[in-house]
Amino acid sequence: MKKQLLTLVAMALLTSSACVAQDQQRGGRGQRGDMTERMKTELGLSDEQVAQLKEVYSQMRPSQQGERPSREEMQKKREEADAKVKKILTEEQYAKYEKMRKERRPQRPQGNGGQEKQ
């Protein structure tokens with residue numbers, strides 16, 4: 001019995017460590033602070049620009065209370081945030097920012113959520 005319990009605990013630890021490693025490899029979700037620091041370095045942002053971007057991104061997050069926003073609401077928030085980002089960055093910085101975004105998020109099929117119809 002002890003041997004089975006020890007085996008289960010060992011398997012749980014291995015599984016959880018694999019999940020953590022995979023999340024770190026992807027950069028994890030919700031790491032806006034790291035993203036703004038990366039943008040600061042790659043785009044040459046000032047401290048003021050970084051503070052403004054952090055504010056824009058914090059406004060974009062859905063509230064923790066209530067229902068989850070619809071896809072359309074989130075799309076609208078993204079468009080509003082992008083307009084604010086464009087005002088914060090210089091033209092050159094914004095061009096680099098757009099390039100970074102395209103490299104970070106490869107194009108996904110549109111329509112049925114990327115699922116093949118069967």
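Residues numbered from 1 in each chain as written. Predicted model: local features only at pLDDT ≥ 70, side-chain atom pairs only at ≥ 80, totals over all residues. Heavy atoms only, no water.

Asks: Got a minute to help me understand the nonpolar core in this structure?
Replies: Across soluble globular proteins, nonpolar side chains show a tendency to be buried alongside one another. Core analysis: the largest hydrophobic core is formed by 16 residues, its most contacted members being Met39, Leu43, Leu45, Leu53, Val85, Leu89 and Tyr97. For this core, the secondary-structure elements that each account for two or more residues are helix 2 (32-43), helix 3 (47-60), helix 4 (71-88) and helix 5 (91-104). Here the element with the most residues in this core is helix 3; it accounts for five residues. Once you skip the residues sitting within four places of it in the chain, Leu53 turns out to touch Thr36, Met39, Leu45, Val85, Ile88 and Leu89. (Core = buried A, V, L, I, M, F, W, Y, C linked by side-chain atoms within 4.5 Å. Buried < 20%, exposed > 50% of the residue type's maximum accessible area, 1.4 Å probe, protein only. Helix = DSSP H or I, 4+ residues; strand = E, 2+ residues; numbered from the N terminus. Contact = heavy atoms within 4.5 Å.)

Asks: What should I look at first to understand the packing of helix 3 against helix 4 in this one?
Replies: Relative placement of two packed helices is described by the angle separating their axes and the distance separating the axes. Between helix 3 and helix 4, whose axes approach to 10 Å, the crossing angle comes to 170°. Relative to helix 4, helix 3 is oriented roughly antiparallel. Judged by residue contacts, Gln49, Gln52, Leu53, Val56, Tyr57, Gln59 and Met60 of helix 3 engage Met74, Lys77, Arg78, Ala81, Lys84, Val85 and Ile88 from helix 4. Classifying every residue of the contact of helix 3 with helix 4 gives eight nonpolar, three polar and three charged. (Axes fitted to C-alpha atoms, helices over the stretch in contact; angles between N-to-C directions. Parallel < 35°, antiparallel > 145°, perpendicular 65-115°, else oblique. Nonpolar A, V, L, I, M, F, W, Y, C, P; charged D, E, K, R; others polar.)

Asks: It is not clear to me how the pattern of salt bridges should be interpreted in this structure. Could you clarify?
Replies: Working definition: two side chains of opposite charge can pair if their charged atoms are close together. Inspection of the entire model under this criterion finds five salt bridges. Here Arg38 and Glu42 are joined by a salt bridge, their closest N and O atoms 3.0 Å apart. With a gap of four residues between them, Arg38 and Glu42 both fall in helix 2, about one helical turn apart. On the basis of relative accessible area, Glu42 is assigned to the partly exposed category, the value being 40%. Across the pair Lys96 and Glu92 runs a salt bridge whose closest N-O atoms are separated by 3.7 Å. A residue pair is termed a helical-turn pair when its members lie 3 or 4 positions apart in one helix, as Lys96 and Glu92 do in helix 5 at four residues. Note on Lys96: relative accessible area 39%, which makes it partly exposed. In this structure Glu92 comes out as exposed when scored by relative accessible area, which is 56%. Several salt bridges share partner residues, and in doing so they unite Asp82, Glu98 and Arg101 into one network. (Salt bridge = Lys/Arg side-chain N within 4 Å of Asp/Glu carboxyl O.)

Just geometry here; none of it tells us what the structure is for.
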